[in-house]
Amino acid sequence: MSDGSPLRGVIVSHAAVAQALVSAVSVITGIDGALTPVSNEGCGTDALAERLNKAVGSGPAVLFVDLPGGSCLTSSVRYAKQHADIAVVTGVNLAMLLDFVFHRDVAPAEAARRAAEAGGKAIRVTAA
Amino acid sequence: MSLALYRIDDRLIHGQVVVGWGQPLHITFIVLVDDEVRSSDWEQDLYRMGVPPDMEVIFASVEEAARQMASWQTDPRVGILLVGDVNTAVSLVEHAPQVRTFNVGGVHHRAGRTERLRFVYLTDDEAAKLRQLAARGVEVTAQDVPTAPAIPVGDFT
């Protein structure tokens, strides 16, 4: 990471999915403060942009979005276009977040690429 | 089968539209009427990401929508038409009077708006415009998802 400020992860989701993922990461890893949940509950475009702005703050960040389309994604991509050092990943899952919190010493784009790879690897059909 | 739903929703294409309404209505195309999105390639790409690959998304300005309305209304496929705000809905009805219904699906909080329903916030001017639409014979109801009751315009404006 270039400027030394901690890379933050912001989870952007419908309903309470983001909050639940933050809690799960904390329980599993004991790491608090690396992830911030943002829900689109009751939000129009302006309100969701304000929630994103507040969650990201001034530092670099990766936005983890639940679906590859819809209001969470459109607001996140708009935000990334207007701010430097922001990367966006869709299809957030617990596996990618667990990898992310231990590998934040890189630029947002690299952290996003790595997280997407880790999340994808966790999706399997297991033997019965 | 034509356009099965004319909807005001400031989130435009999102889960409630594509899945919540799209699945039970069996839609295969969406018409997004918004002058700003119509002129922005990257926003169109973004909205296309939110739909299955076999679903067509048509972007139109209000004037283009008025010209194409008859063909969409007689399209053998089923589609949904979306606008992002009350003013665009009013403008569309003025340009295309054959639009006879509007579903208010999501108009969220913004300065000057007050809560009318959990998912509908309106300024007094927007509320008056919806009542005026109804007075012109347009059936205006609020309903976020198909399983919820449709609330008549007089009950939330």
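Residues numbered from 1 in each chain as written. Chains lettered and ligands numbered in written order. Predicted model: local features only at pLDDT ≥ 70, side-chain atom pairs only at ≥ 80, totals over all residues. Heavy atoms only, no water.

Draft legend 1. Up close: the overall build of chain A. For chain A, the helix and strand inventory stands at five helices and four strands. The C-alpha radius of gyration computed for chain A amounts to 14 Å, which stays within 12% of the reference 14 Å derived for 128 residues, consistent with globular compactness. C-alpha extents for chain A along the principal axes are approximately 45 × 35 × 25 Å. Looking at chain A residue by residue over its 128 residues, the buried ones come to 44%. Of all intrachain contacts in chain A linking residues separated by at least 6 positions in sequence, the fraction that spans at least 24 positions is 68%. (Helix = DSSP H or I, 4+ residues; strand = E, 2+ residues; numbered from the N terminus. Rg over C-alpha atoms; globule rule 2.2 N^0.38 Å. Buried < 20%, exposed > 50% of the residue type's maximum accessible area, 1.4 Å probe, protein only. Contact = heavy atoms within 4.5 Å.)

Draft legend 2. View of the interface of chain B and chain A. Contacts between the two partners involve 12 residues from chain B, matched on the other side by 14 residues from chain A. Both faces considered, chain B and chain A share a buried interface measuring about 1200 Å² in area, 60% of it formed by carbon and sulfur atoms. Our enumeration of links across chain B and chain A arrives at two salt bridges. Between E43 of chain B and R78 of chain A there is a salt bridge, and its shortest N-O distance comes to 2.4 Å. Among the residues making up the side of chain B that touches chain A, the classes are represented as five nonpolar, three polar and four charged. (Buried area = accessible area lost by both parts, 1.4 Å probe. Salt bridge = Lys/Arg side-chain N within 4 Å of Asp/Glu carboxyl O. Nonpolar A, V, L, I, M, F, W, Y, C, P; charged D, E, K, R; others polar.)

Draft legend 3. Seen up close, the sheet that holds strand β3 (residues 61-65) of chain A. All names here are of chain A. Strands sit in the order β2-β1-β3-β4 across an open sheet of four strands; the sheet is parallel. Looking along the sheet, the strands with just one partner apiece sit at the ends: β2 (35-39) and β4 (86-90). In this sheet, adjacent strand axes meet at a mean angle of 20 degrees when their direction is disregarded. With five bridges joining them, strand β1 (residues 8-13) and β3 adopt parallel strand pairing. Among the inter-strand pairings, G9 is bridged to a residue of β3, identified as V62. Set on the sheet, helix α5 (residues 108-121) makes contact with β3 and β4; between it and β4 the angle comes to about 10 degrees. (Pairing = 2+ DSSP bridges. Axes fitted to C-alpha atoms, helices over the stretch in contact; angles between N-to-C directions.)

Draft legend 4. Spotlight on helix α4 (residues 94-101) of chain A. Residues of α4 of chain A that are buried: M96, L97, D99, F100 and V101 of chain A. Along its buried surface, α4 of chain A packs onto β1, α1 (17-29), β2, β3, β4 and α5 of chain A.

Draft legend 5. Representation of the nonpolar core in the model. Ranked by internal contacts, the top residues of the largest apolar core, which has 37 residues, are M69, W72, L81, F102, V104, L130 and F156 of chain B. Those residues in contact with F102 of chain B that sit more than four places away from it in its chain are Y6, R7, I8, V83, A89, L92, V93, V138, E139, V140 and T141 of chain B. L7, A18, F64 and A111 of chain A belong to the second-largest nonpolar core, a separate cluster that totals 20 residues. (Core = buried A, V, L, I, M, F, W, Y, C linked by side-chain atoms within 4.5 Å.)

Draft legend 6. The sheet that holds strand β3 (residues 56-60) of chain B, seen in detail. All names here are of chain B. Taken together, seven strands build an open sheet; the order of strands is β3-β2-β4-β1-β5-β8-β9 and the sheet is mixed. Edge positions in the sheet fall to β3 and β9 (151-152), since each of these pairs with one other strand and no more. Relative to strand β1 (residues 2-9), helix α1 (residues 15-25) is tilted by about 155 degrees, and along the sheet it contacts β1, β2 (29-33), β4 (78-83) and β5 (101-106).

Draft legend 7. Structural view of the environment of H109 of chain B. Residues and elements named next belong to chain B. Checked against the element boundaries, H109 lands in the loop between β5 and β6 (114-117). Given a relative accessible area of 45%, H109 falls into the partly exposed group. The spacing of H109 and A4 is 105 residues in sequence and 27 Å in space, taken between C-alpha atoms.

Draft legend 8. Up close: helix α3 (residues 71-82) of chain A. An ideal rise of 1.5 Å per residue puts 16 Å on 12 residues; α3 of chain A measures up with 17 Å between its terminal C-alpha atoms. For α3 of chain A, a buried count of nine out of 12 residues is recorded, marking the element as mostly surrounded by other parts of the structure. Taken residue by residue, α3 of chain A has S71, C72, L73, T74, S75, S76, V77, R78 and Y79 of chain A as its buried positions. Next to the buried residues of α3 of chain A lie β1, α2 (45-56), β3 and β4 of chain A together with α3 (41-48) of chain B. (Expected span 1.5 Å × (residues − 1).)

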